[in-house]
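Tertiary structure, described
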Amino acid sequence: MLNIIYGSMEAIKDFRLLDKADELLEFKNEFNIPYHDKGNFTYFCGNSLGLQPKSSVSYVQREMEDWAKYGVEAHLKAHNPWVNYHEFLTEKMAEVVGAKPIETVVMNTLSVNLHLMMVSFYRPTRQRRKILIEYSAFPSDRYAVESQIKFHGFDPSDSLIILNPDTGLDTVGFSTIEEVFQKHGEEIALVLIGSVNYYTGQAYPIHKLTKLAHHYGCKIGFDLAHGAGNLLLNLHDDGPDFAVWCSYKYLNSGPGSLSGCFIHERHCYNFEIPRFIGWWAHDKINRFKMSSDLKLMPGAEGWQLSNPPILPMACMLASLELFHKAGMKKLRAKSLQLSGYLISLLIQLNHPKINILTPFSDEERGAQVSIQIRDADKSIYEKLSTHQIISDWREPDVIRVAPVPLYNSFQDVFHFYTILKEILKDYE
Ligand SMILES: Cc1ncc(COP(=O)(O)O)c(C=O)c1O
């Protein structure tokens, strides 16, 4: 692999070499690139909605055919029997997030799972009732934690702590986080952090945060919506109490698709943990005896509510097979190169209109690079769209660009830079 030096002219010249050395380049052919029949569109929105793996159509088709062929009996007779279809996903999903299969399940959607996890792991008392979340947490997470605080009879105005960015910056340094724990550690019941912040692209150190939270006796969970399929995660070893993520971003499983949920092994056999329960949490061997005596399953499966929705799971299976083939280690290595390349090109550009919000160090970023536009001038983003660059604009002033290692090339990144450079000439 070639080393990128930030800001080096060499990096600018080298996209052909980089693509040539990229052993994952052929994975691009596994995906449908939007508007490919209408021009040369370049897609950088895998942090919002991942592209469609071509194979997902046949995976869904197979389930539709089995439904047509067997009706209800497809639960047992389908090529992949539906009754425990989620199990076909478990190992590969666990592999992506560095968890054990017992700790991993695919079920529901992200916000639903976040609530289910808070039911179990946010157990406030008057002395220890606070939730710590990051500044500019995804709004849904903020609504969810505030509603949980209220549900327990407390007031978010004095039970929610926001991890504010360092003075003059948009990101949060670890020493700032330590200070917050020194001050409030004994009052915090739960820490909930997005592993990669959706706005700044800052990646938080899961292991260090978990150690710190546990040192102060707090439970800690992660929203990995922007982390799963993006970072090289090691959830089991890093040890958070829980994590939840969606599968429609980096995991390419289709719009609104299902959520993954991680519950650390140390909680997997504790049947006393309070939880909301549905019939899919009950012992799978005897589930259809329809007994009213509940026998909870160990592990993350013991948090399931409903029987699995087969069609989105078929999409997810198609995608996870690609992740298994490519391997997270290689994907992350390429991703760091892609985003490093983009950052070095932007540094070269050195334009007064743009400011890179995302931290430069490898440990502190995922695939996404957040480019802040001075004076919140959205016209730059609009011009990128006119030039067939699919990126996104996040209010108030950020263009998010996510080169995704499964389907973006170094040429794509260079193309983005060339177009942006041209556009910025109008702003000099
Ligand atoms: C960081 C983050 N958290 C939570 C959500 C909400 O996810 P869902 O609508 O699947 O519940 C999103 C959606 O984009 C997100 O990006």
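All figures in this text were calculated on a predicted structure; none of them were measured in a lab.

A few words on the overall build of the chain. Each helix and strand counted, the chain has 16 helices and 15 strands in total. In terms of overall dimensions, the chain is globule-like: its C-alpha atoms have a radius of gyration of 22 Å, near the 22 Å expected for 428 residues. Referenced to the eigenvectors of the C-alpha coordinate spread, the extents of the chain come out at roughly 70 × 60 × 35 Å. The buried share of the chain, taken over its 428 residues, is 57%. A total of about 18500 Å² of accessible surface is found on the chain, and carbon and sulfur atoms cover 53% of it. Separation between the mean location of the 43 positive side-chain charges and that of the 50 negative ones in the chain comes to 2 Å.

Moving on, we get to the layout of surface pockets. Rolled over the atoms, a probe as big as a water molecule pinpoints where empty space is left. Here the largest pocket is characterised by a volume of approximately 420 Å³. Along the wall of the largest pocket there are 20 residues; nearest its centre are Ala 203, Tyr 204, Pro 205, Ile 206 and Glu 363. Broken down by secondary-structure element, the contributors of at least two residues to the lining of the largest pocket are helix H9 (174-184) and helix H10 (206-215). Counting residues per element, the lining of the largest pocket draws most heavily on H10, which supplies three residues.

A word on the nonpolar core. Within the largest apolar cluster, 72 residues are counted, with the highest numbers of intra-cluster contacts made by Phe 181 and Trp 245. At eleven residues, helix H13 (residues 310-326) tops the list of elements feeding residues into this core.

For the ligand, the full set of nearby residues is Leu 110, Ser 111, Phe 138, Asp 141, Asp 223, Ala 225, His 226, Tyr 248 and Lys 249. At 2.6 Å, a side-chain N or O of Ser 111 approaches an oxygen atom of the ligand. The contact in question runs from an oxygen atom of the ligand to an N or O atom on the side chain of Tyr 248, over 2.6 Å. When the ligand sits alone it has 400 Å² of accessible area, and the protein chains cover 81% of it. By residue class, the composition of the shell around the ligand is four nonpolar, two polar and three charged.

So, how was this worked out
- Residue positions are given per chain, counting from 1 as you read along its sequence in written order.
- Reporting in this predicted model follows two pLDDT cut-offs: at least 70 for local features of residues, and 80 or more for side-chain atom pairs to be given and counted; totals over whole chains, interfaces and linings ignore these cut-offs and use all residues.
- In computing side-chain values, all of the structure's heavy atoms are included and hydrogens and water are not.
- By the criteria applied, helices consist of DSSP H or I runs no shorter than four residues and strands consist of E runs no shorter than two, each listed in order from the N terminus.
- In this setup the radius of gyration rests on C-alpha atoms only. A globule is expected at 2.2 Å times the number of residues raised to 0.38.
- Relative accessibility decides the category of a residue: with a 1.4 Å probe and only protein chains considered, values under 20% of the type maximum give buried, values over 50% give exposed, and everything between is partly exposed.
- Throughout, the Shrake-Rupley method with a 1.4 Å probe supplies accessible areas, and for residues the shown protein chains are the sole cover considered.
- Note that His is not counted, nor are the chain ends; the positive residues are Lys and Arg, and the negative ones are Asp and Glu.
- Charged groups are reduced to one reference atom each: NZ for lysine, CZ for arginine, CG for aspartic acid, CD for glutamic acid.
- Computed over the protein atoms alone on a 1 Å grid, cavities are sets of points where a 1.4 Å probe fits but cannot get out and pockets are open sets with protein on both sides within 12 Å along at least five of seven lines; a residue lines them when it has an atom within 4 Å of a point.
- Grid points are joined across faces, edges and corners, and a volume is the space filled by probe spheres set on the points.
- In these notes, a set of buried Ala, Val, Leu, Ile, Met, Phe, Trp, Tyr and Cys residues joined through side-chain atoms within 4.5 Å is what counts as a nonpolar core.
- If even one non-hydrogen atom of a residue comes within 4 Å of a molecule or strand, that residue is called near it.
- Distance and chemistry together define a polar contact, namely a pair of N or O atoms within 3.5 Å, with one atom able to donate a hydrogen and the other to accept it when in protein, and with adjacent residues in sequence counting only for side-chain atoms on both sides.
- Classification convention: Asp, Glu, Lys, Arg as charged; Ala, Val, Leu, Ile, Met, Phe, Trp, Tyr, Cys, Pro as nonpolar; all other residues, Gly among them, as polar.

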